[in-house]
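Residues per chain are reported as follows:
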Amino acid sequence: MAEARHNGQGAGAPRILVVEDEEALSVLLSYNLEAEGYVAERVARGDEAELRLIEQPPDLVILDWMLPGLSGLEICRRMRAREATRTLPVIMLTARGEEGERVRGLSIGADDYVVKPFSLPELMARVRALLRRARPERVAATLAAGDLSLDRQAHRVRRGQRDIHLGPTEFRLLEFLMEKPGRVLSRGQLLDGVWGSAAEIDERTVDVHVGRLRKALSRGRESDPIRTVRGAGYAFDERFGK
Ligand code: CA
C-alpha cells in the first residue's frame with residue numbers, strides 16, 4: 001500500500017504545491033510532477049502560497065526562496081509555527097549564489113534544499129524520498145519487533161531494557177528498514193529513502209552505516225535483526241523476535 005501511494009493515481013495521489021515566480025520553471029516542474037503521477041498546483045506569489053497553505057495544505061511544497069509578496073524563508077517559518085503544516089515536507093529552491101543561505105533555510109525548517117539550475121531527476125528523487133518519509137503510517141509513534149522498539153517522536157531506540165544510541169543516519173536507516181519487514185531493499189533504494197539522494201553518495205556508504213547500525217543493535221549473542229541478501233541488499237528480518 002505504501003508503495004502504491006507515491007506513484008498514486010487520481011484522488012489518492014499526493015498533492016504538491018509549487019511556489020515559484022519563474023513561469024517557465026513552474027510549468028516545467030508541474031508538468032514533470034504530473035507525469036510522475038502527482039497532483040501539482042502552482043502559485044507565483046508568496047502571499048498567495050501562504051493563503052493556500054492555510055486553506056488546504058498539500059502533501060509537499062516546492063518553495064522558491066525569492067518570491068514577490070512574501071519570501072520563501074518567511075513562508076517556511078510560518079508553516080513551522082502552525083500545527084497543520086508543522087511537519088509538512090518542504091524543498092527550498094534557490095538561485096546560484098544564494099547557497100550561503102542554505103544553513104538559514106535548513107535551520108528554519110526546510111527539509112531539503114536545491115540550487116538552481118538543478119537536475120529534474122534529482123529533484124524528483126528528493127520529492128519521492130520526502131513523501132515516503134512523511135507518510136501517515138510513519139506517524140504511528142512506535143515501530144516494534146521482538147525486543148526492539150523505535151520511537152519516532154522521541155527518536156529513541158530500545159532493545160529490551162537497554163537504550164541504543166544511534167546517529168541520525170542510523171536511526172533513519174533502522175526506521176526505513178523496520179517499516180518494511182521482510183522486504184529486501186537495494187542499496188539504491190536505501191540511499192533514496194534514507195539519504196534522499198541517489199546521485200551524490202557512493203553505495204558503499206550504505207554498507208558502512210548498516211555495519212554501524214548492526215554493531216549498535218546487537219551485543220554478544222543477541223540476534224541480528226538485519227538480513228544481508230547477497231547481490232540484492234538488506235532487509236529487516238521478518239522473523240526477528242519470533
Ligand atoms: Ca524567484
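None of these values were measured; they are calculated from a predicted model.

Colleague: Explain unusual backbone geometry to me, and be specific about the residues and the numbers.
Modeller: Cis geometry marks the peptide bond from lysine 116 to proline 117; its omega dihedral reads -5°. Inspection of the secondary structure assignment puts proline 117 in the loop between strand E5 (112-115) and helix H6 (120-133). For histidine 155, which is not glycine, the phi torsion reads 55° and is therefore positive. Relative to the helices and strands, histidine 155 resides in the loop between strand E7 (148-151) and strand E8 (156-159).

Colleague: Tell me about the pattern of salt bridges, residues and numbers included.
Modeller: Pairing between side chains of opposite charge can happen when the charged atoms of each approach one another. One pass over the full model with this rule turns up 30 salt bridges. Residue arginine 80 is joined to aspartate 111 by a salt bridge in which the shortest nitrogen-to-oxygen separation is 3.0 Å. With a gap of 31 residues between them, arginine 80 in helix H4 (residues 72-81) and aspartate 111 in the loop between helix H5 (102-107) and E5 connect regions that are remote in the sequence. Overall, the relative accessible area of 14% leaves arginine 80 in the buried class. A salt bridge links arginine 126 to aspartate 112; the nearest nitrogen and oxygen atoms lie 2.8 Å apart. Residue arginine 126 is located in helix H6, and its partner aspartate 112 is located in strand E5; the two are separated by 14 residues in the primary sequence.

Colleague: With reference to specific residues and values, describe the sheet that holds strand E1 (residues 15-19).
Modeller: Within the open sheet, the 5 strands sit side by side as E2-E1-E3-E4-E5. Their pairing is parallel. The sheet is open, and its two borders are formed by strand E2 (39-43) and E5, each paired with just one other strand. If you compare each strand with its neighbour and ignore which way they point, the axes differ by 20° on average. Against the sheet, helix H2 (residues 23-35) engages E1, E2, strand E3 (60-64) and strand E4 (90-94), with an angle of about 170° to E2.

Colleague: Tell me about helix H3 (residues 46-55), residues and numbers included.
Modeller: Every buried residue belonging to H3 is among Gly46, Ala49, Glu50 and Leu53, and all of these are buried. Buried residues in H3, looked at end-on, bunch into an arc of 105°, giving them a common side. Buried residues along H3 sit in contact with E1, E2, E3 and H4.

Colleague: Summarise the packing of helix H8 (residues 187-195) against helix H9 (residues 204-217); cite the residues concerned and give the values.
Modeller: Contact geometry of H8 with H9 gives a least axis separation of 9 Å together with a crossing angle of 75°. For the element pair H8 / H9, the angle class is roughly perpendicular. In contact with Arg187, Leu190, Leu191 and Trp195 of H8, H9 contributes Thr205, Val206, Asp207 and His209.

Colleague: An account of the packing of aromatic side chains is requested, with residue identities and associated values reported.
Modeller: Applying the stated criterion across every chain, the model contains 2 aromatic pairs. Summarising the aromatic geometry, the rings of tryptophan 65 and tyrosine 113 are spaced 6.2 Å apart at their centres and angled 65° between planes, so their arrangement reads as edge-to-face. Within this pair, whereas tryptophan 65 is found in the loop between E3 and H4, its partner tyrosine 113 is found in strand E5, the two being separated by 48 residues in sequence. With respect to burial, tryptophan 65 and tyrosine 113 carry one shared label: buried. Where phenylalanine 236 meets phenylalanine 240, the ring centres are 5.9 Å apart and the plane angle is 75°; that geometry is what we call edge-to-face. A single burial state applies to phenylalanine 236 and to phenylalanine 240, both of which are buried. The ring of phenylalanine 176 carries lysine 180 above its face, with NZ or CZ at 3.7 Å from the centroid.

Colleague: Break down the side chain of glutamate 20 for me, with residues and values.
Modeller: Examined against the element boundaries, glutamate 20 turns out to sit in the loop between E1 and H2. Separated by 3.1 Å, the side chains of glutamate 20 and lysine 116 make a polar contact. Filtering out sequence-adjacent residues up to four positions away, glutamate 20 remains in contact with Leu25, Ser26, Val43, Ala44, Asp64, Leu67, Leu93 and Lys116.

Colleague: I'd love a proper account of the confidence of the model for the protein chain, names of residues and values included.
Modeller: Overall, the prediction assigns the protein chain a mean pLDDT of 85, with 86% of residues at 70 or greater. Note that residues 1-11 has pLDDT below 50 and, in this model, 20 contacts with residues that lie over four places away or in other chains.

Colleague: Give a description of the sheet that holds E8 that names residues and reports values.
Modeller: The strand order E6-E7-E8-E9 describes an open sheet built from 4 strands, whose pairing is antiparallel. Strand pairing shows two members of the sheet lacking a second neighbour, strand E6 (142-145) and strand E9 (162-164), which therefore form its edges. Going across the sheet, the axis of each strand differs from the next one's by a mean of 20°, ignoring polarity. As paired strands, E7 and E8 are joined by 4 bridges and run antiparallel to one another. Across the sheet, the residue bridging to serine 149 is arginine 158, located in E8. Strands E6, E7 and E8 of the sheet are contacted by helix H7 (residues 168-178), whose axis makes an angle of about 110° with E7. Packed onto the sheet, H9 meets E7, E8 and E9 and runs at close to 170° relative to E9.

So, how was this worked out
Residues numbered from 1 in each chain as written. Predicted model: local features only at pLDDT ≥ 70, side-chain atom pairs only at ≥ 80, totals over all residues. Heavy atoms only, no water. Helix = DSSP H or I, 4+ residues; strand = E, 2+ residues; numbered from the N terminus. Salt bridge = Lys/Arg side-chain N within 4 Å of Asp/Glu carboxyl O. Buried < 20%, exposed > 50% of the residue type's maximum accessible area, 1.4 Å probe, protein only. Pairing = 2+ DSSP bridges. Axes fitted to C-alpha atoms, helices over the stretch in contact; angles between N-to-C directions. Contact = heavy atoms within 4.5 Å. Arc of directions from axis to C-beta. Parallel < 35°, antiparallel > 145°, perpendicular 65-115°, else oblique. Phe/Tyr/Trp six-rings, centres within 6.5 Å; stacked < 30°, edge-to-face > 60°. Lys NZ or Arg CZ within 6 Å of the ring centre and 35° of its normal. Polar contact = N/O pair within 3.5 Å; in protein donor to acceptor, adjacent residues only side chain to side chain. pLDDT = per-residue confidence, 0-100.

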